[in-house]
Amino acid sequence: MKLEKRKYRHFLEKDYPPPKAESAAFQIVSAPYEDNISYGAGTSKGPAAIIQASQFLEIYGSKDEPANLGIFTRPALKCKGTPGKVLCEISDEIGKVLETSATPVLLGGEHTVSYGMAKALFAKYGKNFSIVHFDSHGDLRPHYYGNKFSHACVMRRIHEDFSSKIIQIATRSYCKEEAEYRKSNHIHALDADSIHEHGLPAKILPANFAKNIYVSFDVDALDPSIMPSTGTPEPGGLLWNETMRILEKISGEARIIAFDIVELAPIKGLHHPDYTAAKLAYKLMQCCKRGHSCS
Ligand SMILES: [Mn+2]
């Protein structure tokens with residue numbers, strides 16, 4: 001059987017036999033949840049596509065590499081039923097990871113799944129974590145066509161329920177109501193226009209941020225030229241190298257304690273975006289480890 005035809009269940013398993021869950025430095029939770037779609041479909045296939053593409057990452061580095069420290073992939077969640085039920089399923093699963101010393105990594109699914117991560121982090125850290133939200137959209141709507149748990153509202157729900165401090169990065173598409181909510185609630189932003197016009201600021205994270213950071217990465221933060229596989233591709237996004245610079249800066253300023261990658265909607269026959277998302281997941285794991293060593 002050709003390597004690329006075989007279906008893999010564990011991140012990187014082709015080259016790195018899966019470690020035991022209890023000794024892994026990272027635990028991956030797959031949440032293939034797809035309930036409400038604004039435009040294009042297919043995010044339920046995102047987690048499996050990232051895991052499949054990860055087999056083709058080439059890793060060469062020291063013993064401190066995440067691959068050598070152990071990445072355990074938990075069985076994918078079912079994500080069936082009401083949004084409330086699915087979000088409980090996700091937060092319970094992340095809660096189990098947080099009882100170990102592993103860093104939780106959540107793969108979506110639509111962006112709504114991030115609420116489950118935030119809920120579990122809030123249970124462990126209280127307000128002692130802040131959120132870095134990469135997205136082309138604000139995701140701050142009060143509801144979206146009547147749905148409070150739409151992916152277009154996820155940061156609003158998180159902000160309301162956990163009072164998290166949030167910075168939005170690469171945003172370039174939001175409505176008036178979201179702009180007003182942002183302003184009146186002191187939600188920080190490093191919009192795509194600002195990055196393209198002025199470059200990156202000396203420090204990315206606001207001074208009042210917690211030292212523990214949860215990075216929620218909607219792949220539509222990336223430019224559609226490198227990331228076409230998402231429901232609402234929005235021109236004017238981040239390219240790869242500038243994304244890496246931002247992540248490196250953030251991991252030098254704080255400690256990434258959890259992250260997610262959401263909204264990948266694989267396109268059949270077009271594998272570079274899946275590979276990009278898998279590489280992003282691995283780079284974020286490296287950033288987690290960098291933050292641990294500098295804190
Ligand atoms: Mn989003």
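Preceding this section is the structure that the text describes.
What comes next is a walk through the structure. Given the structure is predicted, the values throughout are model-derived calculations rather than measurements. (Residues numbered from 1 in each chain as written. Predicted model: local features only at pLDDT ≥ 70, side-chain atom pairs only at ≥ 80, totals over all residues. Heavy atoms only, no water.)

Now for the side chain of Arg 74. By the element assignment, Arg 74 lies in the loop between strand S2 (71–73) and helix H3 (83–98). For Arg 74, the side chain forms a polar contact with the side chain of Glu 93, separated by 2.8 Å. Look past the residues within four positions of Arg 74 in its chain and what remains in contact with it is Arg 9, Gln 27, Ile 28, Val 29, Glu 93, Lys 96 and Val 97. (Helix = DSSP H or I, 4+ residues; strand = E, 2+ residues; numbered from the N terminus. Polar contact = N/O pair within 3.5 Å; in protein donor to acceptor, adjacent residues only side chain to side chain. Contact = heavy atoms within 4.5 Å.)

What follows concerns the nonpolar core. Counting residues in hydrophobic clusters, the biggest one holds 53 residues, and the most contacted among them are Phe 11, Val 132, Phe 134, Ile 169 and Ile 261. Here this core gets nine residues from one element, more than from any other, and that element is helix H9 (residues 272–294). Residues Ala 31, Cys 79, Leu 98 and Leu 106 belong to the second largest nonpolar core, which totals 33 residues. (Core = buried A, V, L, I, M, F, W, Y, C linked by side-chain atoms within 4.5 Å. Buried < 20%, exposed > 50% of the residue type's maximum accessible area, 1.4 Å probe, protein only.)

Attention now moves to the packing of H3 against helix H4 (residues 114–125). One way to put it is that H3 packs onto H4 with a least axis distance of 8 Å and a crossing angle of 45°. Between H3 and H4, the angle falls in the class oblique. Here the hand of the crossing between H3 and H4 comes out right-handed. Across the interface between the two elements, Leu 87, Cys 88, Ile 90, Ser 91, Ile 94, Gly 95 and Leu 98 of H3 pack against Tyr 115, Gly 116, Met 117, Lys 119, Ala 120, Leu 121 and Lys 124 of H4. Looking at the contact of H3 with H4 residue by residue, the class counts come to nine nonpolar, three polar and two charged. (Axes fitted to C-alpha atoms, helices over the stretch in contact; angles between N-to-C directions. Parallel < 35°, antiparallel > 145°, perpendicular 65-115°, else oblique. Left-handed = near helix turned anticlockwise from the far one by under 90°. Nonpolar A, V, L, I, M, F, W, Y, C, P; charged D, E, K, R; others polar.)

Along strand S1 (residues 26–31), six of the six residues are buried, which leaves the element largely enclosed by surrounding structure. Of the pairings in the sheet, the one linking S1 to S2 comprises three bridges and is parallel in character. In the strand pairing of S2, Phe 26 is matched with Ile 71. (Pairing = 2+ DSSP bridges.)

A separate point is the coordination of the manganese ion. Surrounding the manganese ion are the protein donor atoms His 111 (ND1), Asp 135 (OD), Asp 139 (OD) and Asp 218 (OD), which sit 2.0 to 2.3 Å from the metal. Spacing between the donor residues of the manganese ion along the chain follows H-x23-D-x3-D-x78-D. On the criterion of sequence distance, the pair formed by Asp 139 in the loop between strand S4 (130–134) and helix H5 (154–162) and Asp 218 in strand S7 (residues 212–218) is long-range, its members being 79 residues apart. Take Asp 139: its relative accessible area is 3%, and that puts it in the buried class. (Donors = N, O, S within 2.8 Å, 3.2 Å for Na, K, Ca; no water.)

All right, on to the packing of H4 against H5 then. Contact geometry of H4 with H5 gives a least axis separation of 9 Å together with a crossing angle of 20°. Judged by the inter-axis angle, H4 sits roughly parallel to H5. In this structure, H4 crosses over H5, and the sense of that crossing is right-handed. Contact residues: Ser 114, Tyr 115, Ala 118, Lys 119 and Phe 122 in H4; Val 154, Arg 157, Ile 158, Asp 161 and Phe 162 in H5.

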